[in-house]
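# Coordinate inspection notes
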Amino acid sequence: MEALLRRELGYGSVKATGHSGGGCISQGQSYDTDRGRVFVKVNSKAEARRMFEGELASLTAILQTGTVRVPKPIKVLDAPGGGSVLVMEHLDMRSLSSHAATLGSQLADLHLDNKKRGETLLKEAGTVGRGSGHAERPFVNQFGFDVVTCCGYLPQVNDWQKDWVTFYARQRIQPQIDMVQQESGDREALELWAALQLKIPDLFCDLELVPALLHGDLWGGNVAEDSSGPIIFDPASFYGHSEYELAIAGMFGGFSSSFYSAYHSKIPKAPGFEKRLKLYQLFHYLNHWNHFGSGYRGSSLNIMRNLVK
C-alpha cells in the first residue's frame, strides 16, 4: 500500500500508523505522509470502485457547501490484488457528545444550502448587471445525483427526476422490493407495496419540496466530533427531501434531543412529518433486509401495513 500511495499520489514518504478502523463493508488504515496524515479505505470487491467513486463525489459535494465538516477526499485508486481504495484526509475522531446541537444546526444548514442558493440567484436575476445565471454551484431543481452512490454496498439509482414522490417510489423503494423478490419471492411484501404506492402521494399534499443535498446514510456510526466540532462521514449523497435524512437517524439511536431541537429550530416539522418518517424508514429496513437477511422483514412489513391503513 505504501508503494501505491507514493507512486499514485506523489508522496515522498509513507508510513503506516497504529490507527485502523472499518465497518461491515470496508476496512481502513491511516498513513503518515510528508503531506500530512491520510486515511485509506480498502475494499476487495469488484464493485468497490463504483462505491468509492460515489463516496468521493458525496464528500466533495458536502465539502463545497461549507456547512458541516467531512474528511476531505483525495482520490480513488485500484487496490493491489483487486478491488479499490479511497484516500482521504485523516481526522482524529471521537464519539459525538458535546457537539450534538452544533451538528443539528449544521445539518439543517446543509439541507437549506440549495434552497438559499436558489433564492440568491433569483434575487441576483432581478438586479441590474447581475443574474447572468453563472454560478460556481448552480441551483439544483431536481431530485437525484450525478453519480451512483451506495447505501451499504448496494447501489442507489440516482437518475434525475422532477417529482420527489416518483423518485422515491421508483428509485428507492422499488429496487429494494425487486431485490427482496429475487431473493425470497415474498408475496406479502409485494402485495403491501402495491397497496402503499397508491397512498404515497397523499402524504405529500400541500408540501413544497426544494431538493436538499443529503448525507444519505446518517446513522450514529457515521457521525463523530473532534475538539473543533462535529464531523460526518461515509455519505451516500443525493438531492432529496430533507426529512429523509432523519429516518435512519431515528432507527438506531445515537442522536440526543439537543441535536433534534437545533435541527428543527431551523427546519420545523411540517404537517404529516411522522408518517413520512415511517415511509423513509421503510427504505432503510428494506435495505437492511437485503444486506443482512430476513431479520428485518417484520419491521419492513409492519411499516407498510401501518401506512396502508
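These numbers were taken from a predicted model, which means no experiment stands behind them.

Let us look at the sheet that holds strand β3 (residues 36–43). With respect to topology, five strands assemble into an open sheet ordered β1-β2-β3-β5-β4, the strand pairing being antiparallel. This sheet does not close on itself; its edge strands, each paired only once, are β1 (14–22) and β4 (73–78). In this sheet, adjacent strand axes meet at a mean angle of 25° when their direction is disregarded. Across seven bridges, strand β2 (residues 27–33) lies against β3 in antiparallel orientation. Bridging from a neighbouring strand, G28 pairs with K41 of β3. Contacts from helix α1 (residues 2–9) reach β1, β2, β3, β4 and β5 (84–89), with the element oriented near 115° to β4. Along the sheet face, helix α2 (residues 48–65) touches β3, β4 and β5 and points at about 170° away from the line of β4.

Bringing unusual backbone geometry into the picture now. Look at D206: it is not a glycine, yet its phi comes out positive at around 60°. Tracing the chain through its elements places D206 in the loop between α5 (187–199) and β8 (212–214). A positive phi is found at D234, a non-glycine position, where the angle reads about 50°. For D234, the location among the structural elements is in the loop between β10 (229–232) and β11 (238–240).

With the rule as written, the count across this model stands at 16 salt bridges. Among the ionic pairs, R49 bridges to D78, the shortest N-O distance being 3.2 Å. Of the two residues, R49 is situated in helix α2 and D78 in strand β4; the sequence distance between them amounts to 29 residues. Taking the relative accessible area as the measure of exposure, R49 reaches 29% and is therefore partly exposed. The residue R305 makes a salt bridge to E188 at a minimum N-O spacing of 2.9 Å. Separated by 117 residues along the polypeptide, R305 in helix α9 (residues 297–308) and E188 in helix α5 bring together distant segments of the chain. Given a relative accessible area of 32%, R305 falls into the partly exposed group. Here the salt bridges share partners, and the residues they tie into one network are D186, E188, R297 and R305.

Okay, the pairing of β4 next. The sheet contact formed by β4 and β5 spans five bridges and is antiparallel. Residue pairing in the sheet places V76 in a bridge with L86 of β5. Where β4 folds back onto β5 in an antiparallel hairpin, the turn is made up of five residues, including G81, whose phi is positive at roughly 85°.

A separate point is the packing of aromatic side chains. Describing an aromatic ring pair means giving the distance of the ring centres and the angle of the ring planes. As enumerated under the stated definition, the model contains 16 aromatic pairs in all. Ring geometry for Y168 versus Y244: centroids 6.2 Å apart, planes at 70°, classification edge-to-face. Within this pair, whereas Y168 is found in helix α4 (residues 164–184), its partner Y244 is found in the loop between β11 and α6 (245–249), the two being separated by 76 residues in sequence. Accessibility expressed as a relative area gives 1% for Y244, which makes it buried. Between the aromatic rings of Y244 and Y280, the centroid separation amounts to 5.6 Å while the plane-to-plane angle is 65°, which identifies the pairing as edge-to-face. Linking Y244 in the loop between β11 and α6 with Y280 in helix α8 (residues 273–292), this pair joins segments that are 36 residues apart in sequence. Every member of this aromatic cluster is reached through a ring pair, and the members are F143, W164, F167, Y168, F204, F238, Y244, Y280 and F283.

Bringing the side chain of N114 into the picture now. Residue position: N114 is located in helix α3 (residues 100–125). We classify N114 as buried; its relative accessible area is 1%.

On to the domain arrangement of the protein, then. Each assigned domain of the protein is listed here: domain 1 (12–93) and domain 2 (95–128 + 138–308). Centre-to-centre, using C-alpha coordinates, domain 1 lies 24 Å away from domain 2. The interface of domain 1 with domain 2 comprises 21 residues on the first partner and 29 residues on the second. For the pair domain 1 and domain 2, the summed buried surface comes to about 2100 Å²; carbon and sulfur atoms form 71% of the total. Summed over the three residues of domain 1 that lose the most area to domain 2, namely V68, R69 and M93, the buried surface amounts to 27% of that side. Taken together, the links from domain 1 to domain 2 amount to two salt bridges. Inspection of the domain 1/domain 2 interface yields five residue pairs in polar contact (both at pLDDT 80 or more). Each residue belonging to the side of domain 1 that touches domain 2 can be placed in one class, and the counts come to twelve nonpolar, four polar and five charged.

Conventions and cut-offs
Each chain has its residues counted from 1, following the order in which its sequence is written. Local features in a predicted model are, by the rule used here, given only for residues with pLDDT of at least 70; side-chain atom pairs are given and counted only at 80 or more, and totals for whole chains, interfaces and linings are based on all residues. Only hydrogens and water are set aside when side-chain values are computed; all heavy atoms of the structure are taken into account. For two strands to count as paired, DSSP must find a minimum of two bridges between them. Per the convention used, a helix needs a DSSP run of H or I reaching at least four residues, while a strand needs a run of E reaching at least two, with both numbered from the N terminus. Where helices are involved, their axes are fitted lines through C-alpha atoms of the stretch in contact, as for all axes, and angles between N-to-C directions lie from 0 to 180°. What makes two residues a contact is simply this: any of their non-hydrogen atoms within 4.5 Å. Any carboxyl oxygen of Asp or Glu within 4 Å of a side-chain nitrogen of Lys or Arg constitutes a salt bridge here. Throughout this description, buried means an accessible area under 20% of the type-specific maximum (1.4 Å probe, protein chains only), exposed means over 50%, and partly exposed covers the range between. Here the aromatic set is Phe, Tyr and Trp, taking the six-membered ring for Trp, and pairing holds for ring centres within 6.5 Å; pairs whose planes are under 30 degrees apart are stacked, those over 60 apart are edge-to-face, and all others are tilted. Here the bounds of each domain stem from an automatic or database domain assignment. Defined in terms of a 1.4 Å probe, buried area is the accessible area two parts forfeit on being brought together, summed over both. Within 3.5 Å is the distance limit for a polar contact, defined as a pair of N or O atoms, with the added protein rule that one can donate a hydrogen and the other accept it, and that residues adjacent in sequence qualify only through two side-chain atoms. Throughout this entry, Asp, Glu, Lys and Arg are counted as charged residues, while Ala, Val, Leu, Ile, Met, Phe, Trp, Tyr, Cys and Pro are counted as nonpolar. The remaining residues, Gly among them, count as polar.

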